[in-house]
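Residues per chain, in single letters:
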Amino acid sequence: MSAPVLVASDWWGLFGQFLLLSLLAIGGAIGTAPEMHRYLVEQQHWMTDAQFSAAIAIAQSAPGPNLLFVAVLGWGVAGPLGMFTTMLGNLLPSTTLALAAARWGEARRATRGVQAFVHGMAPLTVGLVLSSGWILGKAAWGSLALIATMVVTVAVCLRTRISPLWLIAAGGVVGAFVG
Amino acid sequence: MPPPEPARDRADADRGPPHSILDDEAPARPASPREIFRVFNRLALQGFGGVLPIAQRELVERERWLTREQFVELLSVAQVLPGPNVCNLALIFGDRHFGWRGGLAALGGMILAPLGIVIALTVLYTHYAQHPVVAGALRGMGAVAAGLVFSTGLKLLPSLRRNPLGHRPALAFAALTFGAIALARVPLFWVLLVFGAIAYAWAWRRLAP
């Protein structure tokens, strides 16, 4: 990727943008990807559409939290320093807020309000995890082999304690031949 | 010391001073921030296409640092706060055990090594992206990743059995959330606001002393 030249105000703009998006990322960083696309591709022209999509695909296929697509985006814009800028911007506000809120809740965890919140949210959380699996799986709907791969994964995962690493590797082999 | 409240399904009240249920029910606990770093590093490196399934497996099934209910509870909190869910989860877990040092250890373990890998992949990818075998393998791995996340959701369903909402209403809320997000594609914000408010009010009533 040929990196654009950034001046000082660009760096602050990039940092500020990711600071802001950090606080909007309810339910995960991936939810703010459309807004990052608008800023990096459409407004600043710092990367192309294809580079943006590739960044998300790479982060999905690599080990680690999905958040890392933010690092790949920053790297694409301005190399290591760009990566540092977007990651720090994206982590600092949400991390600080999460710690403060968690400690606040922890200190009041016996109260009816916090108990009601924790127990009321639990079913929504489980529903959201199922939704994530469903939405991620949509990419596989075009191929019978990939659908079968998904179904087998669910069955194996529920019945055995085999490490997911082996399943991922098997999926890679299946995909390489028939996907 | 307050008298035990029978309406609550936890054994909180008879254990004395304020503390976390994370401390009293889980069969095991981390010995040091270093151990937290090691385990979160291990689980992040196994987490292809998402860390959540591995986090559940490693923290609940392998290390037994959390019960299934505690995992859902922690995830609920991590989920409604802005920021990446699993990173919030790591941070809060670490912080509850060893303060900010634990939080930093968990977050660092979660991010540092995968960051190096993902950047290496970025460099590699620009060379091999067009190769059909590489593209196919990525799709196959994506399908498995989706299956892993879905089965994690299925494994967490039994944690709703003891929910004070009642088992069936809790399952109904989970199904409604799934329908709204996965099928109707309603924005997350509105789902959390509307269903969250209803579920909160419902739980509030059920928890009446």
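The rules behind the values
- Counting starts from 1 at the beginning of each chain's written sequence and moves along it residue by residue.
- Each chain is given a letter, starting from A, and each ligand a number, starting from 1, according to the order in which they appear as written.
- For this predicted model, a pLDDT threshold of at least 70 governs which residues receive local features, and a threshold of 80 or more governs which side-chain atom pairs are given and counted, while totals over whole chains, interfaces and linings are taken from all residues.
- Heavy atoms throughout the structure, all of them, feed into the side-chain values; hydrogens and water do not.
- Comment: elements are numbered from the N terminus, with helices defined as DSSP H or I runs of at least four residues and strands as E runs of at least two.
- The contact criterion used is simple: two residues touch if any of their non-hydrogen atoms lie within 4.5 Å.
- One side-chain nitrogen of Lys or Arg within 4 Å of one carboxyl oxygen of Asp or Glu is enough to make a salt bridge.
- Note on exposure labels: buried denotes an accessible area under 20% of the residue type's maximum, exposed denotes more than 50%, and partly exposed covers the range between, all computed with a 1.4 Å probe on protein chains only.
- Each pair of aromatic rings taken from Phe, Tyr and Trp, with Trp reduced to its six-membered ring, is defined by centres within 6.5 Å and is described as stacked if the planes are under 30 degrees apart, edge-to-face if over 60, and tilted in the remaining cases.
- Any Lys NZ or Arg CZ found within 6 Å of a ring centre and within 35 degrees of that ring's normal is scored as a charge over the ring.
- Note on terms: buried area is the combined drop in 1.4 Å-probe accessible area of two parts once they are placed together, counting the loss on both.
- The definition of a polar contact used here is a pair of N or O atoms within 3.5 Å, where within protein one atom must be able to donate a hydrogen and the other to accept one, and adjacent residues in sequence count solely through side-chain atom pairs.
- Here the nonpolar group is Ala, Val, Leu, Ile, Met, Phe, Trp, Tyr, Cys and Pro; Asp, Glu, Lys and Arg are the charged ones; every other residue, Gly included, is treated as polar.
- Each helix should span, by expectation, one fewer than its residue count multiplied by 1.5 Å.
- pLDDT expresses how confident the predictor is about each individual residue, on a scale running from 0 to 100.
- Residues qualify for a patch when their relative accessible area is over 30% and they have no salt bridge, like charges being joined within 9 Å and the nonpolar side chains of Val, Leu, Ile, Met, Phe, Trp and Tyr within 5 Å.
- Residue burial considers only the protein chains on display, and all accessible areas are found by Shrake-Rupley using a 1.4 Å probe.
- Among buried residues, those of type Ala, Val, Leu, Ile, Met, Phe, Trp, Tyr and Cys that are joined through side-chain atoms within 4.5 Å constitute a nonpolar core.

Trainee: Got a minute to help me understand the environment of Trp75(A) in this structure?
Mentor: Within the fold, Trp75(A) resides in helix α4 (residues 69–107). In sequence terms Trp75(A) and Met87(A) are 12 residues apart; their C-alpha atoms lie 9.9 Å from each other. Excluding its chain neighbours within four sequence positions, the residues that come into contact with Trp75(A) are Pro80(A), Gly82(A), Met83(A), Ile119(B) and Thr122(B).

Trainee: Would you mind showing me how to read the pattern of salt bridges here?
Mentor: Where side chains of opposite charge bring their charged atoms close, a pairing between them can arise. The full count for this structure, using the stated rule, is 11 salt bridges over all chains. Measuring nitrogen to oxygen at the nearest pair gives 3.6 Å for the salt bridge that ties Arg109(A) to Glu106(A). Side by side, Arg109(A) and Glu106(A) carry an identical accessibility label, which is buried. For Glu58(B), the salt bridge identified is with Arg42(B), shortest N-O distance 2.3 Å. Pair noted here: Glu58(B) is in helix α3 (residues 52–62) and Arg42(B) is in helix α2 (residues 33–46), with a separation of 16 residues, a long-range link. On the basis of relative accessible area, Arg42(B) is assigned to the partly exposed category, the value being 22%. Through salt bridges with shared partners, one network takes in Glu106(A), Arg109(A), Glu73(B) and Arg96(B).

Trainee: Is there a simple way to think about the packing of aromatic side chains in this case?
Mentor: All chains considered together, the criterion is met by 9 aromatic pairs over all chains. Geometrically, the ring pair formed by Trp12(A) and Phe15(A) is edge-to-face, given 6.2 Å between the ring centres and 75° between the ring planes. With Trp12(A) and Phe15(A) both in helix α1 (residues 8–24), this residue pair falls 3 residues apart, about one helical turn. Both rings, one in Tyr39(A) and one in Trp46(A), keep their centres 5.8 Å apart while their planes meet at 85°; by these two values the pair is edge-to-face. Of the two residues, Tyr39(A) and Trp46(A), both sit in the buried class. Site record: aromatic cluster; members linked through ring pairs are Trp134(A), Trp141(A), Phe150(B) and Phe178(B). One Lys or Arg, Arg112(A), reaches over the ring of Trp204(B) and ends 4.0 Å from the middle of that ring.

Trainee: Where do I start with the interface of chain A and chain B in this structure?
Mentor: Interfaces are often sized by the amount of accessible area the parts lose when they come together. Each side of the interface is counted separately: chain A has 83 residues, and chain B has 100 residues. Counting the surface lost from both chain A and chain B, the interface buries some 8,200 Å², and carbon and sulfur atoms represent 75% of this. In this structure, the salt-bridge partner of Arg96(B) is Glu106(A), at a minimum N-O distance of 3.1 Å. For the pair chain A and chain B, the interface holds 11 residue pairs in polar contact (both at pLDDT 80 or more). Every element with two or more residues in the side of chain A that touches chain B is listed here: α1, α3 (49–61), α4, α5 (112–137), α6 (144–159) and α7 (164–178) of chain A. Counting residues per element, the side of chain A that touches chain B draws most heavily on α5(A), which supplies 25 residues. By residue class, the composition of the side of chain A that touches chain B is 51 nonpolar, 26 polar and 6 charged.

Trainee: How do you make sense of α3(A) when you look at a structure like this?
Mentor: In an α-helix, one turn spans 3.6 residues, which is why side chains three or four residues apart end up on the same side. Compared with the 18 Å implied by 1.5 Å per residue over 13 residues, the 19 Å span of α3(A) between its first and last C-alpha is a close match. Those residues of α3(A) not exposed but buried are Gln51(A), Phe52(A), Ala54(A), Ala55(A), Ile56(A), Ile58(A), Ala59(A) and Ser61(A).

Trainee: Whenever I open this one, the confidence of the model for chain A confuses me. Can you help?
Mentor: Should the pLDDT be low somewhere, the predicted coordinates at that spot are not to be read in detail. Summary statistics for chain A give a mean pLDDT of 85 and a share of 94% for residues scoring 70 or more. Per-element averaging of pLDDT across chain A places α3(A) at the bottom with 75 and α6(A) at the top with 93.

Trainee: What is the right way to look at a nonpolar patch on the surface in this model?
Mentor: On the surface, Val186(B), Phe189(B), Trp190(B), Leu193(B), Val194(B), Ile198(B) and Trp202(B) cluster together into a nonpolar patch covering about 660 Å² of accessible area. If you trace the backbone, Val194(B) turns up in helix α8 (residues 188–206).

Trainee: Looking at this structure, I do not really get helix α4 (residues 68–80) of chain B. What am I missing?
Mentor: Residues and elements named next belong to chain B. Between the first and last C-alpha of α4 there are 19 Å, a value that for 13 residues agrees with the 18 Å anticipated at 1.5 Å per step. In terms of burial, α4 is a largely internal element, 11 of the 13 residues being buried. Taken as a whole, α4 has its buried residues at Glu69, Gln70, Phe71, Val72, Glu73, Leu74, Leu75, Ser76, Val77, Ala78 and Gln79.

Trainee: Explain the nonpolar core here, please?
Mentor: Generally speaking, soluble globular proteins have nonpolar side chains that are buried together. Ranked by size, the top nonpolar core spans 92 residues in total, and within it Leu40(A), Met87(A), Leu59(B), Phe71(B), Met110(B) and Ile111(B) carry the most contacts. Here this core takes 15 residues from helix α5 (residues 85–128) of chain B, the largest share from any one element. Apart from the residues within four sequence positions on either side, Ile111(B) is in contact with Pro65(A), Leu67(A), Leu68(A), Met87(A), Leu91(A) and Cys87(B). Membership of the second largest hydrophobic core comes to 7 residues, among which are Leu167(A), Ile168(A), Val144(B) and Ala145(B).

Trainee: Got a minute to help me understand unusual backbone geometry in this structure?
Mentor: Peptide bonds are mostly trans, and most non-glycine residues show a negative phi. Positive phi is not limited to glycine here, since His45(A) has a value of about 55°. You can see His45(A) is positioned in the loop between α2 (33–43) and α3. Positive phi values are uncommon outside glycine, yet Arg185(B) reaches one of about 55°. Turning to its location among the elements, Arg185(B) is positioned in the loop between α7 (167–183) and α8. Taking relative accessible area as the criterion, Arg185(B) reaches 47% and is therefore assigned partly exposed.

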